Amino acid sequence: MSEVLTGQPDRVRQNPDLPMAMVAAVRDIIGAVNFAPLHEPEFRGNEKRYVSECIDTGWVSSVGAFVDRFERDLADYCSAAYAVATANGTSALHAALVTAGVLPGEEVLVPTLTFIATANAVLYASAVPHFVDSEKHTGGIDPEALDAYLAGIVEQRSGRNVNRLTGRPIAALLPVHIFGHACRIEQLAAVAEKWNLLLIEDAAEALGTFYNGRHLGTAGKLGCLSFNGNKIVTTGGGGAILTNDPELAARAKHLTTTARVPHRWSFIHDETGFNYRMPNLNAALGCAQLERLPDMLARKRQLAELYIRHFRELDGAEIVMEPAGCESNYWLVAARLDRADLSQRDACLEALVGAGYGARPLWTPMHRLPMHADFPSAPLPVAEELEHRLICLPSSPGLVAT
Ligand SMILES: *Cc1c(COP(=O)(O)O)cnc(C)c1O
């Protein structure tokens, strides 16, 4: 279980039939379909009832009882002291960076292997993303490689850690838990502490994932979740900021609700805040979805186990399993090809999509996108390799019967 994302070197094999073998394995698991999307939401609980309640009472917009309840339920589930609901995961990340105190012109360390939202949020805060490498066995930032890299580029200037290549302060570390699998967050927290970095977690994909018994998104100052339509729990669109710090919670709430000073009738805003509120309608959907989270997690685990078993029979690919210490939500089940071979990866994607299975590659690494060309970056050999080896497979909880 330790070599999770990378195949053992002695297993590297050539299998020209891999694309068709993968299609056959997926068909064995989920049957023949017209089209199985990568991840579909499921509404089998109180969703209609709670949403109707909003419509019947007129409380559809940016305040309401479901927003309060959703924040409470979420904080309870994650064992975080506070949760602040937001319009989406991207706005949660942006507001979390500002709340933590990241300033314009400062650098924020982010993995190059992530969804665009992570880098966008850093840029919305007028900060500079600084791309770092991932590790093979979790897909997240490699703590030891990061520590060694920082030792080579950081210099102290008037008590601050400055990137001596750019002259900018390095202010924060923003790790991402990809596919719902935990990165080694405790080691990353130690690196953040050593280099005096604010730790903010992008746990957008990780609702329901625990590492050494702790829910992801609660190891640093702030953690962010997403409830987009393709995530494990959806509010249509939505996000949340988790924190254990009462002052940061109050500040995040204030910033995301237009920085309005509470008053019975006057409009006083004491700074330029954001309208990042989650509407009550969306929170209603979220409350119903959270009630069903344990059931969805159980079925996603069953689905992952089916994939793991069927892919064991395959030559040339295996399923990415939860890292040691991690109880994963298995949000997206991913196959890892033994060989980093782009043409083989694309042949597998072509075959799967052609057969009606909504498989997807990993994101294009952030450092290769044109608008990021001038941003600083560490050497990224592992990220480049993983990009060529990972394929996400249809992972909807509905693919497993209740
Ligand atoms: C989904 C996601 C987000 C946030 O996305 P929104 O669509 O804005 O809710 C951020 N980071 C990662 C890694 C994600 O997968």
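For the structure, see preceding data.
Note that the structure is a prediction, hence the values are computed from the model and not measured. (Residues numbered from 1 in each chain as written. Predicted model: local features only at pLDDT ≥ 70, side-chain atom pairs only at ≥ 80, totals over all residues. Heavy atoms only, no water.)

**Quick word on the environment of Thr57**
Link 1 in the chain: With respect to the helices and strands, Thr57 occurs in helix H2 (residues 47–57).
Link 2 in the chain: For the pair Thr57 and Asn161, spaced 104 residues apart in sequence, the C-alpha separation works out to 53 Å.
Link 3 in the chain: One polar contact links the side chain of Thr57 to the main-chain carbonyl oxygen of Glu53, over a distance of 2.8 Å. (Helix = DSSP H or I, 4+ residues; strand = E, 2+ residues; numbered from the N terminus. Polar contact = N/O pair within 3.5 Å; in protein donor to acceptor, adjacent residues only side chain to side chain.)

**Concerning the pattern of salt bridges**
Link 1 in the chain: Tallied over the entire structure, the rule returns 23 salt bridges.
Link 2 in the chain: Linking Glu291 and Arg69 is a salt bridge whose minimum nitrogen-to-oxygen distance equals 2.8 Å. With Glu291 in helix H9 (residues 280–291) and Arg69 in helix H3 (residues 65–78), the pair connects residues that are 222 residues apart, well separated along the chain.
Link 3 in the chain: Owing to a relative accessible area of 38%, Glu291 belongs among the partly exposed residues under this scheme.
Link 4 in the chain: One network of salt bridges, with partners in common, ties together Glu42, Arg44, Arg292, Asp295 and Arg299. (Salt bridge = Lys/Arg side-chain N within 4 Å of Asp/Glu carboxyl O. Buried < 20%, exposed > 50% of the residue type's maximum accessible area, 1.4 Å probe, protein only.)

**Concerning the layout of surface pockets**
Link 1 in the chain: The space that makes up the largest pocket amounts to roughly 460 Å³.
Link 2 in the chain: In terms of lining, the largest pocket is formed by 29 residues, of which the most central are Phe115, Glu205, Asn230, Lys231 and Trp331.
Link 3 in the chain: Of all elements in the fold, only helix H4 (89–100), helix H5 (116–124) and strand S15 (360–361) reach the threshold of two or more residues within the lining of the largest pocket.
Link 4 in the chain: Top element by residues in the lining of the largest pocket is H4. It accounts for three residues.
Link 5 in the chain: Of the residues in the lining of the largest pocket, the class split is 13 nonpolar, 12 polar and four charged. (1 Å grid on protein atoms, 1.4 Å probe; cavity = no way out; pocket = protein on both sides within 12 Å on 5 of 7 lines; lining within 4 Å. Points joined across faces, edges and corners; volume = space filled by probe spheres on them. Nonpolar A, V, L, I, M, F, W, Y, C, P; charged D, E, K, R; others polar.)

**Remarks on the sheet that holds S15**
Link 1 in the chain: Pairing within the open sheet is antiparallel, and its four strands lie in the order S12-S14-S16-S15. At either end of the open sheet lies a strand with only one pairing partner, and these are strand S12 (317–319) and S15.
Link 2 in the chain: With four bridges joining them, strand S14 (residues 333–337) and strand S16 (residues 390–393) adopt antiparallel strand pairing. Bridging across to S16, Ala334 finds its partner in Cys392.
Link 3 in the chain: Across the face of the sheet, helix H10 (residues 293–312) comes into contact with S12, S14 and S16 while running at roughly 155° to S12. (Pairing = 2+ DSSP bridges. Contact = heavy atoms within 4.5 Å. Axes fitted to C-alpha atoms, helices over the stretch in contact; angles between N-to-C directions.)

Any functional reading would require information beyond the geometric quantities listed.
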